[in-house]
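An overview of the molecular structure
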Amino acid sequence: MIERRAFDSLGSASYGWLDARYHFSFGQYRDPSRVHWGPLRVWNDDAIAAGTGFDPHPHRDMEIITYVRQGAVTHKDALGNEGRTEAGDVQVMSAGTGIVHAEYNREPGETRLFQIWIIPDRAGVAPRWETRHFPKADRAGELVVLASGRAQDAGSGALTIHQDAALLGATLAAGTTVTHRLGGRLAYLVPATGRLRVNGVELSARDGAAVRDEPELVIEALEETELLLADLPPTA
């Protein structure tokens, strides 16, 4: 089963400095059919105006992955961590027992990013933050693990999360195909750019696809495409 969630059907909010689309219930957007997908709780598609951002605010017991699509985001938290994550790169924050952080667009132009929240497999871990460079050339024609808590990804160079889940990314030339084995697991797929077909279902840029009961995904790029795939256990 693959449920296409068209970009135009997503929740939305606009605050002047932030334009957001919500794949799952978030903020004032509520849809009882779109609360989570396994442990995947949030997939927000954010556009942040230059010189603005999210002022200091708290989180706890959540794995928060940020994938920057355009521009860069500057992170600062109460643990003393501070860093800048550029387009194509990834940062992970384990909120754990509690963390206060801020995320700003210090760039001259708009920053676009995906903010992805995954429910951890246990509460009360030590809070932490890290960022890593993932060259897009290394993802050409294949799925590369960007963040993971799956045992099979230990030592892969992926950022660590506290859940039996993984976020993978690929860049595909038009007409090329990549295959991903799921077995009995769930998946959530979003093409950041381009257009693709997955097991016969077409997706345009920024659409979502909620996947279950598909042993294997065959992903064909209908045009040059950048995509993200969350590989998830079947329960939260």
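Residues numbered from 1 in each chain as written. Predicted model: local features only at pLDDT ≥ 70, side-chain atom pairs only at ≥ 80, totals over all residues. Heavy atoms only, no water.

So, the overall build of the protein chain
Of regular secondary structure, the protein chain possesses zero helices and 22 strands. For 236 residues, the compact-globule estimate of 2.2 N^0.38 gives 18 Å, and the protein chain sits close to it at 17 Å. The C-alpha extent of the protein chain, read off along each of the three principal axes, is 45 × 40 × 35 Å. Of all 236 residues assigned to the protein chain, the portion counted as buried reaches 53%. Sequence separation of 24 or more characterises 72% of the internal contacts of the protein chain that already satisfy a separation of 6 or more. Of the roughly 9700 Å² that the protein chain leaves accessible, carbon and sulfur atoms contribute 49%. (Helix = DSSP H or I, 4+ residues; strand = E, 2+ residues; numbered from the N terminus. Rg over C-alpha atoms; globule rule 2.2 N^0.38 Å. Buried < 20%, exposed > 50% of the residue type's maximum accessible area, 1.4 Å probe, protein only. Contact = heavy atoms within 4.5 Å. Areas by Shrake-Rupley, 256 points an atom, 1.4 Å probe, with all protein chains shown as cover.)

Describing the UniProt feature "domain: Quercetin 2,3-dioxygenase C-terminal cupin" (unreviewed entry) in the protein chain
Under the UniProt annotation, the feature "domain: Quercetin 2,3-dioxygenase C-terminal cupin" (unreviewed entry) is placed at residues 152-232. Secondary structure content for residues 152-232 is 0% helix and 59% strand, while the C-alpha to C-alpha distance between its ends is 13 Å. (UniProt positions renumbered as here; feature names shortened; annotations may be inferred.)

Some thoughts on the packing of aromatic side chains
For any pair of aromatic rings, the description consists of the separation of the ring centres together with the inter-plane angle of the planes. In this structure the tally under the stated criterion is seven aromatic pairs. Their ring planes at 80 degrees and their centres at 5.2 Å tell us that Trp17 and Phe54 sit as a pair that is edge-to-face. Separated by 37 residues along the polypeptide, Trp17 in the loop between strand E2 (11-14) and strand E3 (18-22) and Phe54 in strand E5 (residues 53-59) bring together distant segments of the chain. Of the residues examined, Trp17 reaches a relative accessible area of 27% and is grouped as partly exposed. Taken together, the aromatic side chains of Tyr22, Phe26, Tyr29 and Trp117 make up a single cluster linked through ring pairs. The ring of Trp37 carries Arg5 above its face, with NZ or CZ at 5.8 Å from the centroid. (Phe/Tyr/Trp six-rings, centres within 6.5 Å; stacked < 30°, edge-to-face > 60°. Lys NZ or Arg CZ within 6 Å of the ring centre and 35° of its normal.)

What about the environment of Arg122?
Among the structural elements, Arg122 can be located in the loop between strand E11 (111-118) and strand E12 (128-132). The exposure class assigned to Arg122 is partly exposed, which follows from its relative accessible area of 44%. A C-alpha to C-alpha distance of 8.1 Å links Arg122 and Gln163, two positions 41 residues apart in sequence. Within the structure, the side chain of Arg122 is placed 2.8 Å from the side chain of Asp121, a separation counted as a polar contact. (Polar contact = N/O pair within 3.5 Å; in protein donor to acceptor, adjacent residues only side chain to side chain.)

Some remarks on the environment of Gly157
Considering the arrangement of structural elements, one finds Gly157 in the loop between strand E13 (144-148) and strand E14 (159-160). Setting aside residues up to four positions removed in sequence, Gly157 forms contacts with Arg132 and Phe134.

Points about the sheet that holds strand E18 (residues 195-198)
As summarised here, the arrangement of the four strands in space is E16-E21-E18-E19, forming an open sheet in which the pairing is antiparallel. A strand with exactly one partner marks an edge of an open sheet, and here the two such strands are strand E16 (177-181) and strand E19 (201-204). Each neighbouring strand pair of the sheet contributes to a mean axis angle of 25 degrees, computed without reference to strand direction. Across four bridges, E18 lies against E19 in antiparallel orientation. When the bridges of E19 are listed, Arg195 appears paired with Ser204. (Pairing = 2+ DSSP bridges. Axes fitted to C-alpha atoms, helices over the stretch in contact; angles between N-to-C directions.)

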